[in-house]
Number of protein chains: 2
Amino acid sequence: MAKEEKLTHSEENYLKVIFQISGQSRDRVSTNALADKLCTKASSITDMLKKLADKKLIGYKKYNGCELTTKGESIAVEIIRKHRLWETFLVSKLSFGWDEVHDVAEQLEHIRSLKLIDKLDQFLDYPKFDPHGDPIPDKDGNITYRKSKIRLAESAVNTLVEVVSVDEDSQSLLKYLDEIGLKLGSGIKVFERIPFDGSLKIEIVGGQKMYLSEKVAENIGVRFIEKL
Amino acid sequence: MAKEEKLTHSEENYLKVIFQISGQSRDRVSTNALADKLCTKASSITDMLKKLADKKLIGYKKYNGCELTTKGESIAVEIIRKHRLWETFLVSKLSFGWDEVHDVAEQLEHIRSLKLIDKLDQFLDYPKFDPHGDPIPDKDGNITYRKSKIRLAESAVNTLVEVVSVDEDSQSLLKYLDEIGLKLGSGIKVFERIPFDGSLKIEIVGGQKMYLSEKVAENIGVRFIEKL
DNA sequence: CTATTTTTTTAGACAAGACTAAAATTTTGG
DNA sequence: CCAAAATTTTAGTCTTGTCTAAAAAAATAG
Ligand SMILES: [Mn+2]
Ligand SMILES: [Mn+2]
Ligand SMILES: [Mn+2]
Ligand SMILES: [Mn+2]
């Protein structure tokens with residue numbers, strides 16, 4: 001085995017964010033994109049990219065962004081696994097709301113222990129998805145993405161869809177969804193798309209009929225169930 | 001309310017260790033004692049003591065050690081509460097051994113969340129002692145010390161005592177105690193103290209008769225039950 | 001009570017991770 | 001294609017927490 005890499009919290013965060021920005025297509029990630037997401041200045045990003053490149057965790061070419069190496073990616077996935085398992089723990093064992101867990105998980109994801117995460121996984125009975133519907137990587141780093149997920153904002157009118165994920169970045173969105181009774185697993189009937197602002201006339205199955213702004217609809221992942 | 005103090009992990013560790021070294025009698029703590037326990041150089045300690053004194057978390061006088069202020073003490077106790085609750089979680093929910101939890105708890109004790117620790121406390125059903133028999137401070141920072149605890153090394157011969165705590169600092173001690181079947185709550189019959197090396201001839205009630213070195217006996221806390 | 005030893009502090013340095021300002025490179029629009 | 005704009009990098013600074021070496025103060029021993 002190679003020597004034990006001990007990364008700082010900061011380095012771990014960079015790897016995680018590079019992974020997230022590069023998406024499933026594994027695109028190269030630009031300096032500015034990282035600066036935005038990490039709330040730091042571009043110059044700080046450049047410094048860190050050099051450091052990560054020295055450690056062979058990313059590929060980096062001046063003025064051309066970066067991409068994770070195999071090693072960097074496996075560390076990123078490990079952090080994401082920890083983050084999502086902790087979120088699941090907080091919601092299902094400590095009864096946190098889904099809007100309250102992300103910030104705490106940002107801290108917990110950096111706890112280093114050979115044993116802890118696998119025990120936690122077992123304790124939670126090997127959950128496949130976190131409280132926001134995002135897939136939890138398994139012990140070997142495999143991520144099972146939902147095949148047919150689309151944004152609610154893009155679903156056709158006169159269809160029934162099921163909510164499979166919500167973007168976790170905004171606490172106020174999550175609170176709003178709580179208020180209107182929209183959860184993972186909710187059925188949503190999409191009746192009409194208002195041309196003026198792209199908002200949707202919908203019915204939450206078993207709940208209310210209402211309008212959802214396009215912005216909200218862009219932050220909800222759904223899968224098609226049937227035509228109405 | 002005063003402004004939210006955000007301390008670094010390092011600052012929190014210093015406060016915790018000052019609290020631990022100063023003991024129940026709240027003695028002043030010397031620079032070298034801190035350096036030993038924190039595995040840093042005395043010069044680093046001096047630097048940090050100045051910083052903590054500036055923040056009114058300790059009283060510090062040159063060449064005369066330090067002591068916690070009320071504010072510093074309440075932060076120290078909070079860290080210790082978190083540490084011991086996490087250790088309890090690891091043992092009672094994730095089935096860690098008592099020798100495996102301290103290092104992980106050293107990390108977990110720094111997780112900042114208004115809600116997390118109280119939820120965890122509730123989830124664990126408000127435990128009074130951690131896996132090593134140390135008292136867990138309550139939400140308000142009150143610590144209920146066991147009144148009549150003594151070191152096994154100091155107990156009289158021909159007595160029956162009960163194990164109420166073990167020093168957690170050495171993982172190898174804890175493993176050894178596992179091996180010989182000595183747990184919290186075990187009864188111990190103390191038969192004889194060997195003058196040559198201070199070792200004790202004992203019987204673990206329900207277990208084996210054996211000799212314990214003085215060093216081991218110094219690391220076990222017991223309470224007197226009865227004369228034999 | 002003074003000389004030696006021990007403890008503690010000061011001074012100066014360094015690495016990590018951030019920032020600002022300025023320079024270099026790439027991209028874009030006419 | 002070229003000038004202006006946007007992006008990225010470099011250079012230099014700062015803070016935190018650590019270190020070593022040297023100086024200062026306190027404790028100890030004869
Ligand atoms: Mn999250
Ligand atoms: Mn999540
Ligand atoms: Mn511990
Ligand atoms: Mn303990």
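Residues numbered from 1 in each chain as written. Chains lettered and ligands numbered in written order. Predicted model: local features only at pLDDT ≥ 70, side-chain atom pairs only at ≥ 80, totals over all residues. Heavy atoms only, no water.

> What should I look at first to understand the nonpolar core in this one?
Nonpolar side chains in soluble globular proteins tend to end up buried together. In this structure, Trp86, Phe89 and Leu90 of chain A together with Trp86, Phe89 and Leu90 of chain B are the most contacted members of the largest nonpolar core, which totals 32 residues. Each residue touching tryptophan 86 of chain A, except ones within four places of it in the same chain, is listed here: Ala105, Leu108, Glu109, Leu116, Ile117 and Leu120 of chain A together with Trp86 of chain B. The next biggest cluster of nonpolar side chains, apart from the first, holds 24 residues, and it includes Tyr14, Ile58, Leu68 and Ile80 of chain B. (Core = buried A, V, L, I, M, F, W, Y, C linked by side-chain atoms within 4.5 Å. Buried < 20%, exposed > 50% of the residue type's maximum accessible area, 1.4 Å probe, protein only. Contact = heavy atoms within 4.5 Å.)

> So what exactly am I meant to see when it comes to the coordination of the manganese ion (ligand 2) here?
Expected angles at a metal are 109.5 degrees for tetrahedral coordination by four donors and either 90 or 180 degrees for octahedral coordination by six donors. All names here are of chain A. Of the protein atoms, only Glu87 (OE), Asp130 (OD), His132 (ND1) and Glu168 (OE) coordinate the manganese ion (ligand 2), at distances of 2.1 to 2.3 Å. Each donor residue of the manganese ion (ligand 2) belongs to the same chain, with the gaps between them written as E-x42-D-x1-H-x35-E. A distance of 3.5 Å spans the gap from the manganese ion (ligand 2) to the manganese ion (ligand 1), which glutamate 87 bridges by coordinating each metal. Residue aspartate 130 is located in the loop between helix 6 (116–123) and strand 3 (150–151), and its partner glutamate 168 is located in the loop between strand 4 (159–166) and helix 7 (171–180); the two are separated by 38 residues in the primary sequence. Glutamate 168 shares its class with aspartate 130; the two are buried. (Donors = N, O, S within 2.8 Å, 3.2 Å for Na, K, Ca; no water. Helix = DSSP H or I, 4+ residues; strand = E, 2+ residues; numbered from the N terminus.)

> Honestly, the side chain of aspartate 121 of chain A in this entry has me stumped. Any pointers?
Residue and element names in this part refer to chain A. With respect to the helices and strands, aspartate 121 occurs in helix 6. Using a relative accessible area of 8% as the deciding quantity, one classes aspartate 121 as buried. Ignoring sequence-local partners within four residues, the contact set of aspartate 121 consists of Arg81, Leu85, Tyr126 and Pro127.

> Sorry if this is basic, but what is going on with the protein's contact with DNA strand C here?
In the neighbourhood of DNA strand C, 21 residues make up the surrounding shell, with Thr8 and Lys51 of chain A together with Lys50, Tyr60 and Lys62 of chain B lying closest. When atoms of DNA strand C within 4 Å of the protein are sorted by moiety, sugar and phosphate together comprise 77%. The contact in question runs from a phosphate oxygen of DNA strand C to an N or O atom on the side chain of threonine 8 of chain A, over 2.5 Å. In this structure, tyrosine 60 of chain B approaches DNA strand C through a side-chain N or O atom, which is 2.3 Å from a phosphate oxygen. Of all the secondary-structure elements, those providing two or more residues to the surface near DNA strand C are helix 1 (9–22) and helix 3 (42–54) of chain A together with helix 2 (31–38) and helix 3 (42–54) of chain B. Ranked by the residues each element gives to the surface near DNA strand C, the list is headed by helix 3 of chain A, at five residues. Considered class by class, the residues forming the surface near DNA strand C number six nonpolar, 10 polar and five charged. (Near = heavy atom within 4 Å. Polar contact = N/O pair within 3.5 Å; in protein donor to acceptor, adjacent residues only side chain to side chain. Nonpolar A, V, L, I, M, F, W, Y, C, P; charged D, E, K, R; others polar.)

> Looking at this structure, how should I read helix 1 (residues 9–22) of chain B?
What sets the pattern is the α-helix's 3.6 residues per turn: residues three or four places apart point alike. Residues and elements named next belong to chain B. Look at helix 1: 20 Å from first C-alpha to last across 14 residues, which is about the 20 Å you get at 1.5 Å a residue. Within the span of helix 1, buried status applies to Glu11, Glu12, Tyr14, Leu15, Lys16, Val17, Ile18, Phe19 and Ser22. If you follow the buried residues of helix 1, they end up packed against helix 2, helix 3, strand 1 (58–60), strand 2 (66–68), helix 4 (70–92) and helix 5 (102–108). Positive backbone phi, at 65 degrees, marks glycine 23, one or two positions downstream of helix 1. (Expected span 1.5 Å × (residues − 1).)

> What should I look at first to understand the pairing of strand 5 (residues 187–193) of chain A in this one?
Residues in a regular strand project their side chains so that they alternate between the two faces of the sheet. All names here are of chain A. When strand 4 meets strand 5, the two strands line up antiparallel, connected through four bridges. Pairing of threonine 159 across the sheet is with valine 190, part of strand 5. As defined by bridge partners, strand 5 adjoins strand 6 (residues 200–204) across five bridges and the pair is classed as antiparallel. Within strand 6, the position partnered with isoleucine 188 by the bridge is isoleucine 204. (Pairing = 2+ DSSP bridges.)

> How should the sheet that holds strand 7 (residues 209–212) of chain B be read in this particular structure?
Each strand in a sheet pairs with its neighbour through backbone hydrogen bonds, running either in the same direction (parallel) or in the opposite one (antiparallel). Residues and elements named next belong to chain B. Taken in spatial order, the six strands of this open sheet run 3-8-4-5-6-7, and their pairing is antiparallel. This sheet does not close on itself; its edge strands, each paired only once, are strand 3 (150–151) and strand 7. Sitting on the sheet, helix 7 (residues 171–180) is in contact with strand 4 (159–166), strand 6 (200–204), strand 7 and strand 8 (220–227), with an inclination near 165 degrees to strand 7. (Axes fitted to C-alpha atoms, helices over the stretch in contact; angles between N-to-C directions.)

> Looking at this structure, I do not really get the protein's contact with DNA strand D. What am I missing?
DNA strand D sits among 21 residues. The nearest are Lys50, Tyr60 and Lys62 of chain A together with Thr8 and Lys51 of chain B. When the atoms of DNA strand D within 4 Å of the protein are grouped by moiety, sugar and phosphate amount to 76% of the total. Contact between DNA strand D and tyrosine 63 of chain A: a phosphate oxygen at 3.0 Å from a main-chain N or O atom of the residue. Elements represented by at least two residues in the surface near DNA strand D include exactly helix 2 (31–38) and helix 3 of chain A together with helix 1 and helix 3 of chain B. For the surface near DNA strand D, the element with the highest residue contribution is helix 3 of chain B, accounting for five residues. Looking at the surface near DNA strand D residue by residue, the classes come out as six nonpolar, 10 polar and five charged.

Worth remembering: the numbers are spatial, not functional.
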